[in-house]
Amino acid sequence: MRQILKPSASILVLTVALLIAAGPRSTQLAPRTFPQYTFDINLDYGAHRVDAVEQVKVTNPDTQTISGIVFNVPAAHTAGMFKLRSIQVNGQPATYDFADTLLSVKLPAQLQPAQSVLVTLSFVVNVPPLGNPQSFAAADLAYSDVALNVGYWYPLLAPYRSGSGWVNVPWAPIGDPFASESADYKATITATPGVTIVSGGHLTHSGNVWQVDLPRGRTFGLIASPYYQPASVKFGNVTYSAYLLPQHAYLAPITLRTMIRALTLYTSLYGPYPYSDLRVAEFSGPWSMEFGGFCLLGTTEFDDYDGTFRNRL
């Protein structure tokens, strides 16, 4: 039997005395400055191509000066998928190193603590066919005959850890080989006419021009399709929307009910949902994935629905 030893009164008195002598520990943290992304995107659905200009306002997260900024570029894991056109820092051409999926940008001068810099990247992403991928990571950026999935497609500002610097996250064909800090995202997406864009956050459109505002997102993804049949319902302070393909459109009420049940459960366990919208969009095959403010569900999540609770949906 394991014996539990109780601290004596003298030990407790000594511990309290040491804590008092040491003085109160400060619980004040420096205000956190979130990176700010702004995208100007042209999405050619038929060509499976994304042309983008990405601007990232980066604030030095360290107490020391830094001389460079690092991005992880998962879309560059296969030759021909990602083409970098140019990089500027505060409007001036920048020097950089780009090897495999690691992009290191040299700053023209040391960036002081709490000082910000604006990095502008122009690039093209050629989205590959879905085919028969062996991992969720490969299916995150792919197109099928019904949708164009644009996930983990842009240069992601690497997480920064004081003492060790920027965190390199190499591509791997298994699991989720991605890591990024929470950030504020804004995007303007000019899409092929007739195509519906689904993303997270506040999503509006006028014709084929779509606007996205996603604060405090862990990542920014989107999916496009000319076939979606949307259905929405408002419950509490959240509007739930399901974008399903025609063969599963009849399951929209079940999908919305499941979304409400899930969010109600997670709110009770983890805290309030931070957005006023939650969206689910259907994608081909068994590949499902979560992004800031919306989720993808593969068609297999719907195929075996039998009216009971014992199915994937």
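Just so it is clear, the structure is predicted and the values come from calculations on it, not from any experiment.

J.: Explain the sheet that holds strand β19 (residues 229–235) to me, using residue names and the numbers behind them.
T.: Read from one edge of the open sheet, five strands run β19-β20-β21-β23-β22, paired in mixed fashion. Both edges of this open sheet fall to β19 and β22 (289–291), since each of them pairs with a single strand only. Ignoring which end each strand starts from, the neighbouring axes of this sheet average 15° apart. Sheet strands in contact with helix α3 (residues 252–270) are β19, β20 (238–244) and β21 (277–283), and its direction is about 140° off that of β20.

J.: I'd like a description of a nonpolar patch on the surface, backed by residues and values.
T.: A contiguous nonpolar surface patch, about 490 Å² in accessible area, is contributed by Leu-265, Tyr-266, Leu-269 and Tyr-270. Here Leu-269 lies in helix α3.

J.: So what about α3? Which residues, and what values?
T.: Helix length check: α3 (19 residues) gives 26 Å between terminal C-alpha atoms against 27 Å at 1.5 Å per residue, within 8%. Looking at the buried residues of α3, the elements they touch are β19, β20, β21 and α4 (300–303). One or two positions beyond α3, positive phi appears at Gly-271, with a value near 125°.

J.: Can you break down the pairing of strand β2 (residues 49–59) residue by residue, with the values?
T.: Bridge count between strand β1 (residues 36–44) and β2: nine bridges; the pairing is antiparallel. When the bridges of β2 are listed, Thr-38 appears paired with Gln-55. The hairpin turn running from β1 into β2, its antiparallel successor, is four residues long, and His-48 in that turn takes a positive phi close to 55°. Two elements, β2 and strand β8 (residues 116–126), share eleven bridges in a ladder whose sense is antiparallel. Looking at the pairing, Thr-59 lines up with Ser-116 of β8.

J.: Hey, could you go over the packing of aromatic side chains for me, with residue numbers and the actual values?
T.: Enumeration over the complete set of coordinates arrives at 22 aromatic pairs. Consider the rings of Phe-39 and Tyr-154, whose centres lie 5.2 Å apart with planes at 70°: the pair is edge-to-face. Of this pair, Phe-39 sits in strand β1 while Tyr-154 is found in the loop between β10 (148–150) and β11 (156–157), placing the two residues 115 residues apart along the sequence. For the pair shown, Phe-39 and Tyr-154 are each scored as buried. Residues Tyr-266 and Tyr-270 carry aromatic rings whose centres are separated by 6.2 Å and whose planes lie at 35° to one another, so their mutual orientation is tilted. With Tyr-266 and Tyr-270 both in helix α3 and four residues apart, this pair spans about one turn of that helix. The ring centre of Phe-34 lies 3.8 Å from the NZ or CZ of Arg-216, which sits over that ring.

Parameters and conventions
Residues numbered from 1 in each chain as written. Predicted model: local features only at pLDDT ≥ 70, side-chain atom pairs only at ≥ 80, totals over all residues. Heavy atoms only, no water. Pairing = 2+ DSSP bridges. Helix = DSSP H or I, 4+ residues; strand = E, 2+ residues; numbered from the N terminus. Axes fitted to C-alpha atoms, helices over the stretch in contact; angles between N-to-C directions. Contact = heavy atoms within 4.5 Å. Patch = residues over 30% accessible without salt bridge, like charges linked within 9 Å, V, L, I, M, F, W, Y side chains within 5 Å. Areas by Shrake-Rupley, 256 points an atom, 1.4 Å probe, with all protein chains shown as cover. Salt bridge = Lys/Arg side-chain N within 4 Å of Asp/Glu carboxyl O. Expected span 1.5 Å × (residues − 1). Phe/Tyr/Trp six-rings, centres within 6.5 Å; stacked < 30°, edge-to-face > 60°. Buried < 20%, exposed > 50% of the residue type's maximum accessible area, 1.4 Å probe, protein only. Lys NZ or Arg CZ within 6 Å of the ring centre and 35° of its normal.

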